[in-house]
Amino acid sequence: MKGFNTRAIHVGSEPDPVTGSVNPPVYLTSTYAQDAVGVIRFSDYARGDNPTRAALEACLADLEEARYGVAFASGLAGEDALLRTLAPGDHVIMGADAYGGTYRLLTRVFGAWGVSVSTVDLGDADALEGAFTDSTKMLWVETPSNPMLTVVSIDALATHAHSHGALLVVDNTFATPYLQRPLTLGADVVVHSTTKYVGGHSDVIGGFVATNNDEVASQLKFHQYAIGAVPGPLDCYLLLRGLKTLGVRMERHCDNARAIAAFLVNHDAVEDVYFPGLAGHPGHEVARTQMSDFGGMVSFTVRGGVDMARKVCESTTVFTLAESLGGVESLIELPSVMTHLSTAGSTLEPPANLVRLSVGIEDHDDLLEDLANALAI
Ligand SMILES: Cc1ncc(COP(=O)(O)O)c(C=O)c1O
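K.L.:
Quick one: what's the story with the sheet that holds strand β9 (residues 297–302), residue by residue and with numbers?
P.N.:
Across the sheet, five strands lie side by side as β8-β9-β12-β11-β10; this open sheet has mixed pairing. Bordering the open sheet on either side are β8 (270–274) and β10 (320–321), each of which pairs with just one other strand. Where β8 lies against β9, three bridges are found, and the strand directions are antiparallel. Directly across from Val 273, in β9, lies its bridge partner Phe 300. Seen against the sheet, helix α12 (residues 305–315) touches β9, β10, β11 (331–333) and β12 (354–358) and runs at an angle of roughly 25° to β12.

Listed below in structure tokens is the structure:
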């Protein structure tokens, strides 16, 4: 197998056989001419297949070391397509720290449809064991998680899930396949918000689900077609373009995040820093074994409570106050009232004074100066 960056640049993007174009064409078509009734060259309709989408699916599946990859119009659309493999009465366990939108989808959309959800501290093996029921079909995990950067052992969780006949689903949005490949560690399904690091430039919304499980793959493909939350060809092209630089961007994100975490740890205005690269982080050793670096996300709590945390978020000038993450530009946000508002009152609710940073690839001295100024307010 060729190296990650070579595959990120070439898989699915071989020169176009007709023109030699080094980039795949953006196939702006909704349908395909048939040679005779039912005699189809590529597909009968673009909800079912599109060549630009197929190029993206081939590339990202390859990077996740998956046999199958299915692209969707958003991360949540991909999660929805996967969760529709469940039936009313089924049960899902999810880690007690996760993106608020995933929690909302599971509890409010699938909950209303008859799927039950338990949230568990995945670091507590007894609690996890006790949460499984005869109806548990999925264990849903983010590692590192959003926004607390919790790290859990994919290998150990796969053993738990499989001993109960459940699938292990890993949201790999924060790590990306450059840093971590969950299917090689025992996970059954990987989900992505490609909106984030895969796109990498905050200019597209997308989702992706990868698996080596034939049955799950065929249901995903069916749901992609039958429900129809498909990405447009231009979005697929932007995501393919993002993939080509994923490796170099991630290295820079990781270096900048490491420098920022080291700075925050020693700052008087900061209570606690959550970054798996810190030796004192509870998931540090696991992260060292299952990731090749620690990622570009850093969270921290601010002394002085939510009001101070809000002031910090509103005082930076290089970090932009905004939701989302994974772009080249640095972002700052207050999860409890922004990305994770839908977890209010639940066990997933983050501390009110928690600030989350998506560390971009700007010059790290500028980022450190910006944070130093904001924390001095
Ligand atoms: C970890 C994680 N998973 C899934 C999603 C949902 O993705 P999207 O916003 O593309 O629907 C997000 C969005 O922030 C996320 O952070």
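There is more to say, and it comes next.
K.L.:
Tell me about the sheet that holds strand β4 (residues 136–142), residues and numbers included.
P.N.:
One open sheet accounts for seven strands, arranged β1-β7-β6-β5-β4-β2-β3; its pairing is mixed. With one partner strand each, in any of the chains shown, β1 (68–72) and β3 (116–120) form the two edges of the open sheet. Sheet twist, expressed as the average angle between the axes of neighbouring strands with direction ignored, equals 20°. Taken together, the five bridges between β4 and strand β5 (residues 167–171) define a ladder with parallel strand orientation. Bridging across to β5, Val 141 finds its partner in Val 170.

K.L.:
Describe in detail the domain arrangement of the protein, supporting the description with residues and values.
P.N.:
For the protein, the assigned domains are domain 1 (4–244) and domain 2 (247–375). The C-alpha centroid of domain 2 is placed 25 Å from the C-alpha centroid of domain 1. Taken together, the contact pairs 34 residues of domain 1 with 35 residues of domain 2. When residues of the side of domain 1 that touches domain 2 are assigned to their parent elements, the largest contribution, four residues, is made by helix α4 (residues 100–110). Considered class by class, the residues forming the side of domain 1 that touches domain 2 number 18 nonpolar, 13 polar and three charged.

Cut-off values and rules
Residues numbered from 1 in each chain as written. Predicted model: local features only at pLDDT ≥ 70, side-chain atom pairs only at ≥ 80, totals over all residues. Pairing = 2+ DSSP bridges. Helix = DSSP H or I, 4+ residues; strand = E, 2+ residues; numbered from the N terminus. Contact = placed C-beta atoms within 7 Å. Axes fitted to C-alpha atoms, helices over the stretch in contact; angles between N-to-C directions. Domains from an automatic or database assignment. Nonpolar A, V, L, I, M, F, W, Y, C, P; charged D, E, K, R; others polar.

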